Amino acid sequence: MKRHAPENHENFLKCLSLQSDTISKVIYTQNNSSYSSVLTSSIQNLVFSAPTNQKPLFIITPFHVSEIQAAIKCSKKSGLQIRVRSGGHDLEGLSSISDVPFIIVDLINFSEISIDAEAKTAWVQSGATVGQLNYRIAEKSQNLLAFPVGTCPGVAVGGHFSGGGYGALLRKYGVAADHIVDAHMIDARGRFLNRESMGEDLFWAIRGGGGPSFGIIISWKIELVDVPSTKLLHKNLRTKMQQSYFTNGNTLQIGSMKIYSSHPSYIERILLWSVYSHPCFLVGLTGYFH
Ligand SMILES: Cc1cc2nc3c(=O)[nH]c(=O)nc-3n(C[C@H](O)[C@H](O)[C@H](O)COP(=O)(O)OP(=O)(O)OC[C@H]3O[C@@H](n4cnc5c(N)ncnc54)[C@H](O)[C@@H]3O)c2cc1C
């Protein structure tokens, strides 16, 4: 586990205050009384909040683009890695843990959704959840429009869209990434980019290639889809959840579904998560193993 010299912490904080007037209000140091609750607020898998994990030196919950730009510039200067977090559902904990000194930029306050039902488009910020998104679309369009996202309402748009994003409308409309027509992001140099200024290659990459490799995506412009006249929902989620779990180390059997991994620790993580965590878990899991 690498350490970060305390003087670098001071430099980081000094750099932030020079870059942004408002950032002191949204930064949580390890001495702050709210630090732990902010850290665990969106970690969905308790494995990643275990005391054995290295914790972020600072958590920043920005309200303004300039605060994100400051965080990027100063962490680069101070040799700190950034973990970007939107909804905290990452299966490997990539938004909350790291082996090297790091900070978290948590986009919980970037959750605006603005819908133009007539044009069938919307702008959605990364911290909004897919549940909030479809709720707002249904509200603004009298249930006529929707967006093809996953079935777990708590997953946030930031990680979901940048990973592709599929759900119940997959066979009719493809994945969420197929319907993204613009995006606003900050790159590693702190530049604010839209589709035109980032270019088509980068725009293609952030729609399925994983967001944090390329920058911090702030918001997405999406094209909404018509709600199909015939809808088929599978009803067996609860039943599956109530079925038994069996594992012999390398294989995990949940009801009739069998998952094999050569790494028993991975099976253990899945088991812990599926038993103790979110009721939507199986939906995500089956997708991952398809
Ligand atoms: C219970 C559960 C159910 C799921 N169901 C589905 C499903 O039905 N369909 C499906 O396709 N997937 C599903 N998933 C997978 C889910 O879409 C991904 O884990 C997704 O990456 C989670 O996004 P998040 O923002 O909530 O998570 P986070 O943990 O915040 O982020 C996930 C990853 O994306 C990065 N990231 C997040 N926000 C940004 C940003 N703004 N800019 C750059 N990088 C960013 C993070 O650094 C991290 O690497 C499910 C996952 C879980 C745990």
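Everything below is about the structure shown above.
Quick caveat: nothing in here was measured; it's all calculated off a predicted structure.

1. A few points about the sheet that holds strand S10 (residues 216–223)
- Here we have five strands laid out as an open sheet, ordered S5-S6-S10-S8-S9, and antiparallel in their pairing. Looking along the sheet, the strands with just one partner apiece sit at the ends: strand S5 (113–116) and strand S9 (192–193).
- Relative to strand S6 (residues 121–125), S5 runs antiparallel, the two sharing four bridges. Of the residues in S6, the one forming a bridge with Ser114 is Trp123.

2. Observations regarding the site of the ligand
- Taken together, 32 residues form the shell around the ligand, and within it Val84, Ser86, Ser95, Tyr166 and Ile217 come nearest.
- Side-chain polar atom of Ser86 to a nitrogen atom of the ligand: 2.7 Å apart, as the coordinates give it.
- One nitrogen or oxygen atom from the main chain of Asp90 is found 2.8 Å from an oxygen atom belonging to the ligand.
- Calculation on the ligand without its partners gives an accessible area of 950 Å², and the protein chains cover 95% of this total.
- Breaking the shell around the ligand down by element, the ones donating at least two residues are strand S3 (81–85), helix H5 (157–162), S10 and helix H10 (281–288).
- When its residues are assigned to classes, the shell around the ligand shows 15 nonpolar, 15 polar and two charged.

3. Here we look at the nonpolar core
- Of all hydrophobic cores here, the largest spans 26 residues; its most connected members are Phe147, Phe161, Ile206, Trp220 and Ile222.
- Contributions of two or more residues to this core are made by S6, helix H4 (130–140), H5, strand S8 (180–186), helix H7 (195–205) and S10.
- Excluding its chain neighbours within four sequence positions, the residues that come into contact with Phe147 are Leu133, Asn134, Ile137, Phe161, Leu169, Ala176, His179, Ile222, Glu223, Leu224 and Val225.

4. Section: the pattern of salt bridges
- Counting across every chain of the model gives five salt bridges.
- The shortest N-O distance in the salt bridge between Glu139 and Arg136 comes to 2.6 Å. Taken together, the positions of Glu139 and Arg136, both in helix H4 and three residues apart, correspond to about one turn of that helix.
- Using a relative accessible area of 41% as the deciding quantity, one classes Glu139 as partly exposed.
- Judged by its relative accessible area of 34%, Arg136 is partly exposed.
- A salt bridge links Asp187 to Arg191; the nearest nitrogen and oxygen atoms lie 2.6 Å apart.

5. So, the pairing of S8
- Most of S8 is tucked away: five of the seven residues are buried.
- With six bridges connecting them, S8 and S10 associate as antiparallel partners. Following the sheet pairing, Ile186 is matched in S10 by Ile216.

6. A look at the sheet that holds strand S1 (residues 27–29)
- Taken together, four strands build an open sheet; the order of strands is S1-S2-S4-S3 and the sheet is mixed. Every interior strand has two partners, whereas the edge strands, S1 and S3, have only one. Neighbouring strand axes in the sheet, compared pairwise and without regard to direction, differ in orientation by 20° on average.
- In the sheet, strand S2 (residues 58–60) pairs with strand S4 (residues 102–106) via three bridges, with the strands oriented parallel. Pairing of Ile60 across the sheet is with Val105, part of S4.

7. A word on the environment of Gly165
- On the secondary structure map, Gly165 appears in the loop between H5 and helix H6 (170–173).
- Overall, Gly165 belongs to the buried group, its relative accessible area being 9%.
- As a C-alpha pair, Gly165 and Asp178 span 13 residues in sequence and 9.3 Å in three-dimensional space.
- In this structure Gly165 touches Pro148, His160, Val175 and Ala176, once residues within four positions along its chain are discounted.

8. Re the state of the cysteines
- Evaluation of the coordinates by the stated rule reveals one disulfide.
- A sulfur-sulfur distance of 2.0 Å marks the disulfide that ties Cys15 to Cys74. Because the torsion about its S-S bond is -80°, the bridge between Cys15 and Cys74 counts as left-handed. Taken together, the residues span a long stretch of sequence, with Cys15 in helix H1 (residues 6–19) and Cys74 in helix H3 (residues 65–77) at a distance of 59 residues.

9. Quick notes on the packing of aromatic side chains
- Applying the stated criterion to the full structure yields three aromatic pairs.
- Relative to Trp220, the ring of Phe161 has its centre 5.5 Å away and its plane inclined at 80°; by these criteria the two rings are edge-to-face. Here Phe161 is found in helix H5, whereas its partner Trp220 is found in strand S10, with 59 residues between them in sequence.
- When its relative accessible area of 0% is taken as the criterion, Phe161 is described as buried.
- By the ring-pair criterion, three or more aromatic residues cluster together here, those being Phe147, Phe161 and Trp220.
- Across from the ring centre of Tyr173, 5.6 Å away, lies the NZ or CZ of Lys172, which sits over that ring.

So, how was this worked out
Residues numbered from 1 in each chain as written. Predicted model: local features only at pLDDT ≥ 70, side-chain atom pairs only at ≥ 80, totals over all residues. Heavy atoms only, no water. Pairing = 2+ DSSP bridges. Helix = DSSP H or I, 4+ residues; strand = E, 2+ residues; numbered from the N terminus. Near = heavy atom within 4 Å. Polar contact = N/O pair within 3.5 Å; in protein donor to acceptor, adjacent residues only side chain to side chain. Areas by Shrake-Rupley, 256 points an atom, 1.4 Å probe, with all protein chains shown as cover. Nonpolar A, V, L, I, M, F, W, Y, C, P; charged D, E, K, R; others polar. Core = buried A, V, L, I, M, F, W, Y, C linked by side-chain atoms within 4.5 Å. Buried < 20%, exposed > 50% of the residue type's maximum accessible area, 1.4 Å probe, protein only. Contact = heavy atoms within 4.5 Å. Salt bridge = Lys/Arg side-chain N within 4 Å of Asp/Glu carboxyl O. Axes fitted to C-alpha atoms, helices over the stretch in contact; angles between N-to-C directions. Disulfide = S-S within 2.5 Å. Phe/Tyr/Trp six-rings, centres within 6.5 Å; stacked < 30°, edge-to-face > 60°. Lys NZ or Arg CZ within 6 Å of the ring centre and 35° of its normal.

Any functional reading would require information that these geometric values do not contain.
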